[in-house]
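Residues per chain are reported as follows:
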Amino acid sequence: MPRTDPDDPLTEFAIETLLATPEGWRAVVRDAAARWPDTAPLGIVFALVSAAAEIEATFAHGSPAREAAGHGFRVAGLLAGDLYAMEALGLPRARAGDLFGYWRGHDPFFLTL
């Protein structure tokens, strides 16, 4: 896994949000999609995985911050699942902003956090 690029605002946003509070992970996907609606949704998945890997690499085993890495990997997987469902349904999925239509019509998980 490549190290986090300090100039990548999406990955930095993911790191900051995941570490902000114990519940930071709950809204990170929705907030990233709202903030960067024109980015590719897989770019958010990659940023979350990169952020989680960076958190793991930075904090020692046993650190409470490492729990944030697990949450990052979890929401990256959930988002990837949403993208697969969108593909199966033939829904637009080229932009992060497209996620909101899917969430409103099919799976509100990220909207209810």
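See the structure shown above.
Cut-offs and rules
Residues numbered from 1 in each chain as written. Predicted model: local features only at pLDDT ≥ 70, side-chain atom pairs only at ≥ 80, totals over all residues. Heavy atoms only, no water. Helix = DSSP H or I, 4+ residues; strand = E, 2+ residues; numbered from the N terminus. Rg over C-alpha atoms; globule rule 2.2 N^0.38 Å. Buried < 20%, exposed > 50% of the residue type's maximum accessible area, 1.4 Å probe, protein only. Contact = heavy atoms within 4.5 Å. Areas by Shrake-Rupley, 256 points an atom, 1.4 Å probe, with all protein chains shown as cover. 1 Å grid on protein atoms, 1.4 Å probe; cavity = no way out; pocket = protein on both sides within 12 Å on 5 of 7 lines; lining within 4 Å. Points joined across faces, edges and corners; volume = space filled by probe spheres on them. Phe/Tyr/Trp six-rings, centres within 6.5 Å; stacked < 30°, edge-to-face > 60°. Expected span 1.5 Å × (residues − 1). Core = buried A, V, L, I, M, F, W, Y, C linked by side-chain atoms within 4.5 Å. Salt bridge = Lys/Arg side-chain N within 4 Å of Asp/Glu carboxyl O.

**Q** Any chance you could explain the overall build of the protein here in plain terms?
**A** Within the protein one finds five helices and zero strands. By the compact-globule yardstick of 13 Å for 113 residues, the protein fits well, its C-alpha radius of gyration being 14 Å. Across the 113 residues in the protein, those meeting the buried criterion constitute 40%. Of the contacts made within the protein by residues no fewer than 6 positions apart, 61% connect residues no fewer than 24 positions apart. A total accessible area of about 6,000 Å² is found for the protein, and carbon and sulfur atoms account for 58% of it.

**Q** What's the story with the layout of surface pockets in this structure? I'm lost.
**A** It is a probe the size of a water molecule, rolled over the atoms, that shows where empty space is left. Approximately 160 Å³ is the volume found for the largest pocket. Taken together, Leu-18, Leu-19, Ala-20, Thr-21, Pro-22, Glu-23, Trp-25, Pro-64, Ala-65, Glu-67, Ala-68 and His-71 make up the full set of residues lining the largest pocket. Elements represented by at least two residues in the lining of the largest pocket include exactly helix 1 (9-20) and helix 4 (66-89).

**Q** Where do I start with the packing of aromatic side chains in this structure?
**A** Considering all chains together, one arrives at four aromatic pairs under this definition. Look at Phe-100 and Trp-103: their rings are 5.2 Å apart centre to centre, the planes differ by 80 degrees, and that puts the pair in the edge-to-face class. In this pair, Phe-100 and Trp-103 are both assigned in helix 5 (residues 99-105), three residues apart and thus about one turn of the helix distant. The class of Phe-100 is buried, set by a relative accessible area of 15%. Taken together, Phe-100, Trp-103, Phe-109 and Phe-110 form an aromatic cluster joined through their ring pairs.

**Q** Sorry if this is basic, but what is going on with helix 4 here?
**A** Residues spaced three or four apart along an α-helix face the same direction, because each turn holds 3.6 residues. Counted at 1.5 Å a residue, the expected span for helix 4 with its 24 residues is 34 Å, and the 35 Å between its end C-alpha atoms agrees. Looking only at helix 4, the buried set comprises Ala-68, Ala-69, His-71, Gly-72, Val-75, Ala-76, Leu-79, Asp-82, Leu-83 and Met-86. In the core, the buried residues of helix 4 are packed alongside helix 1, helix 2 (28-35), helix 3 (41-58) and helix 5. Residue Gly-90 follows helix 4 closely and has a positive phi angle near 75 degrees.

**Q** Looking at this model, I keep getting lost on the nonpolar core. Mind explaining?
**A** Inside soluble globular proteins, nonpolar side chains tend to come together where they are buried. Ranked by size, the top nonpolar core spans 30 residues in total, and within it Val-28, Val-29, Ile-44, Leu-48, Leu-79, Leu-99 and Trp-103 carry the most contacts. Only helix 1, helix 2, helix 3, helix 4 and helix 5 provide two or more residues apiece to this core. Not counting chain neighbours up to four residues away, the residues in contact with Leu-79 comprise Val-29, Pro-41, Ile-44, Val-45, Leu-99, Trp-103 and Phe-110.

**Q** What is the right way to read the pattern of salt bridges from this model?
**A** Any two side chains of opposite charge can pair, given that their charged atoms come close. Applying the stated criterion to the full structure yields four salt bridges. Here Arg-26 ties to Glu-23 by a salt bridge, and the two come within 3.4 Å at their closest N and O atoms. A relative accessible area of 46% places Glu-23 in the partly exposed class. Of the charged contacts, one joins Arg-30 and Asp-31 as a salt bridge, the two residues approaching to 3.3 Å between their closest N and O atoms. Among the residues examined, Asp-31 registers a relative accessible area of 30% and is labelled partly exposed. Members of the salt-bridge network, linked through shared partners, are Asp-38, Arg-95 and Asp-98.

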